[in-house]
Amino acid sequence: MARILYKYLDIVGAKCMIGNKDLQFTNASQLNDPFDCHPKLFDYSNVPETELRGGIPQEWRKEIEENKALNLRNDTWLCSLSKVNDSILMWSHYCYNHKGICIGLNIDKVLESVPPMFGEIYLSPEVLEVQYQDIIKRPNGYKQSFYYQWRTKAKEWEYEQEVRLVIPEPSPMYAAFTSEQFNHPKEIWDWREIHHYMPLNGECFESIYFGVKTNQSEKEKIIRHTQKELNPQIKLYQMVVDTDAFRLRAERI
């Protein structure tokens, strides 16, 4: 696995991440792919005999396991990173048409900066490489680890080369509400829509890549801030169009 992993962001999200020095985690049910971590990734129809002890009907056991998978999805928060910093599609989709930035994170430093009790079950996030595949036949849920649910995606997403930080049941002390959520009564909050933020040390930020269309004024502000307030040793790059092929190149600033 690459030591440096990348986060693609629009300019607003990038300034929030840099200014707050944190990493946003999103509930697995709220990701842009509706199949992500879906409980139906598994087949629970072949209930083992060992699971039917005590006279539990087969259909009941199947429903119990499907509910466990659903609850796992609803109780899990993820942070999506990538192994690459030059994906044309990622720059288009996540960086507002190449106007945002891509942040390189030293994953070892990130894990060293995990605060105490970030998670209520796991103290720190699991780091999982996403496995891309076409599911012709769903795997037997009784023989698969729950890691399969966290890291399996359709092959259409393979270009992202995603690596996930996964934390089940993060501590509420790291949750933060948007202004819109804060102004609504607690009774109508959907807790799955609430993000959690893991604080980072400045040395976690290894590099910043500016998009082909990043606003020059915003770029200069980010450079000044990062070198003064974040990490004086941070590496800065400008993405440029390679005129010899359909690809991007990073030029050191």
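Residues numbered from 1 in each chain as written. Predicted model: local features only at pLDDT ≥ 70, side-chain atom pairs only at ≥ 80, totals over all residues. Heavy atoms only, no water.

Caption draft 1: Region of interest: the overall build of the chain. Across its full length, the chain carries seven helices and 13 strands. Residue burial in the chain is summarised as follows: out of 253 residues, 46% are buried. Counting contacts in the chain only where the partners sit at least 6 residues apart, residues at least 24 apart contribute 77% of the total. With an accessible surface of roughly 13,900 Å², the chain has 50% of that area assigned to carbon and sulfur atoms. (Helix = DSSP H or I, 4+ residues; strand = E, 2+ residues; numbered from the N terminus. Buried < 20%, exposed > 50% of the residue type's maximum accessible area, 1.4 Å probe, protein only. Contact = heavy atoms within 4.5 Å. Areas by Shrake-Rupley, 256 points an atom, 1.4 Å probe, with all protein chains shown as cover.)

Caption draft 2: The arrangement of helix 7 (residues 216–230) in detail. If you check helix 7, its first and last C-alpha atoms are 20 Å apart, about what 15 residues at 1.5 Å a residue would give, namely 21 Å. Glu218, Lys219, Ile222, Ile223, Thr226 and Leu230 are the residues of helix 7 that are buried. Down the axis of helix 7, the buried side of the element spans an arc of 135°, and every buried residue falls inside it. Structural note: helix 7 exposes Arg224 and Lys228 on the side pointing more than 90 degrees away from its buried face. The opening residue of helix 7 is Asn215, an N-cap whose side-chain oxygen sits 2.9 Å from the backbone nitrogen of Ser217. (Expected span 1.5 Å × (residues − 1). Arc of directions from axis to C-beta. Polar contact = N/O pair within 3.5 Å; in protein donor to acceptor, adjacent residues only side chain to side chain.)

Caption draft 3: Quick look at the pattern of salt bridges. The full count for this structure, using the stated rule, is 15 salt bridges. For Arg164, the salt bridge goes to Glu162, with nearest N and O atoms at 2.7 Å. Among the residues examined, Glu162 registers a relative accessible area of 4% and is labelled buried. The salt bridge involving Lys235 is made with Glu206; its shortest N-O contact spans 3.2 Å. Of the two residues, Lys235 sits in strand 12 (residues 235–242) while Glu206 sits in strand 11 (residues 205–210), which places them 29 residues apart along the sequence. One network of salt bridges, with partners in common, ties together Asp33, Asp36, Lys153, Glu162 and Arg164. (Salt bridge = Lys/Arg side-chain N within 4 Å of Asp/Glu carboxyl O.)

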